[in-house]
Amino acid sequence: SVLMDRLDGDNRMLKLQQEILQDQLFLDTLQMYSDCEVEEQLNKTKEYFVQAFSKLDSPYFQERLKDISDVCMMLKQIVLNTSISYPTEECILYAEELSPYEILHLPNNIKGLVIKNNSMQTHTSILLKEQYIPFVNGVDLHEVAGADRSDRAEDCKENSEPLPLL
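Residues numbered from 1 in each chain as written. Predicted model: local features only at pLDDT ≥ 70, side-chain atom pairs only at ≥ 80, totals over all residues. Heavy atoms only, no water.

Chemist: Hey, could you run me through the side chain of Gln-41 in this one?
Modeler: For Gln-41, the location among the structural elements is in helix α3 (residues 38-54). Of the residues examined, Gln-41 reaches a relative accessible area of 15% and is grouped as buried. A polar contact of 2.7 Å, which involves the side chain of Gln-41, links it to the backbone oxygen of Leu-30. In contact with Gln-41, other than residues within four places in its own chain, are Leu-30, Gln-31, Tyr-33, Ser-34 and Cys-36. (Helix = DSSP H or I, 4+ residues; strand = E, 2+ residues; numbered from the N terminus. Buried < 20%, exposed > 50% of the residue type's maximum accessible area, 1.4 Å probe, protein only. Polar contact = N/O pair within 3.5 Å; in protein donor to acceptor, adjacent residues only side chain to side chain. Contact = heavy atoms within 4.5 Å.)

Chemist: How should the pairing of strand β2 (residues 110-115) be read in this particular structure?
Modeler: Successive residues of a regular strand alternate their side chains across the two faces of the sheet. The buried fraction of β2 is high, at five of six residues. As paired strands, strand β1 (residues 91-95) and β2 are joined by five bridges and run parallel to one another. Bridged to Tyr-94 within β2 is Val-114. Judged from the three bridges that link them, β2 and strand β3 (residues 135-137) form a sheet pairing that is parallel. Counterpart to Val-114 in the pairing with β3 is Val-136. Following the backbone out of β2, through helix α6 (residues 123-130) and into the adjacent parallel β3, one traces a crossover that is right-handed. (Pairing = 2+ DSSP bridges. Right-handed = clockwise from strand over helix to strand, strands pointing away.)

Chemist: Looking at this model, I keep getting lost on the packing of helix α2 (residues 24-32) against α3. Mind explaining?
Modeler: Between α2 and α3, the least distance of the axes is 9 Å, while the angle of their chain directions is 130 degrees. As summarised for this structure, α2 and α3 are arranged oblique, according to the angle between their axes. Where α2 crosses over α3, the two elements pack in a sense that is right-handed. For the pair formed by α2 and α3, the contact residues are Leu-25, Phe-26, Thr-29, Leu-30, Gln-31 and Met-32 on the first element and Gln-41, Leu-42, Thr-45, Tyr-48 and Phe-49 on the second. For the contact of α2 with α3, the residue count by class is seven nonpolar, four polar and no charged. (Axes fitted to C-alpha atoms, helices over the stretch in contact; angles between N-to-C directions. Parallel < 35°, antiparallel > 145°, perpendicular 65-115°, else oblique. Left-handed = near helix turned anticlockwise from the far one by under 90°. Nonpolar A, V, L, I, M, F, W, Y, C, P; charged D, E, K, R; others polar.)

Chemist: I tried to follow unusual backbone geometry on my own but got confused; where do I start?
Modeler: With the exception of glycine, most residues fall at negative phi, and the peptide bonds are largely trans. We note that Asn-81 has phi near 55 degrees; this positive angle belongs to a residue other than glycine. Mapping Asn-81 onto the fold places it in the loop between α4 (59-79) and β1. The exposure class assigned to Asn-81 is exposed, which follows from its relative accessible area of 70%. Within the chain, Tyr-132 stands out as a residue other than glycine whose phi angle is a positive 55 degrees. Relative to the helices and strands, Tyr-132 resides in the loop between α6 and β3. Judged by its relative accessible area of 52%, Tyr-132 falls in the exposed class.

Structural data, given as structure tokens:
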């Protein structure tokens, strides 16, 4: 069922996040920047891994970097008590990039996604598939002829009004 698929995806994502939060290198790196404010500490921790992993030409490590970035973003939102602001109308959302944490918190009015920087092997794509959320990867709307924020994308339902692409 959709509910069980979603719970399964959530549980796997939580286990991955827990593994990162218990990883000694991650904890040591956080500690290295403990003299900073929380937001700066998390930004510097993320940047540490960006620098370390950018030297590696491995899709595996690039995906792990996205996982670490996701955990840092999640921690910032929890500690700083902030949240992502989503549109309130039904729409297909365009994003440069979305993390698994953001996918797990998508409101029901988001009917589909167009994601510029994503591949089918990311945790983001896996979660979207498990949650039956339609999505397209690798599309830069700014490069598509005539595309701008006022373009509209068609909903998949027959005889429905096009949804705004935000």
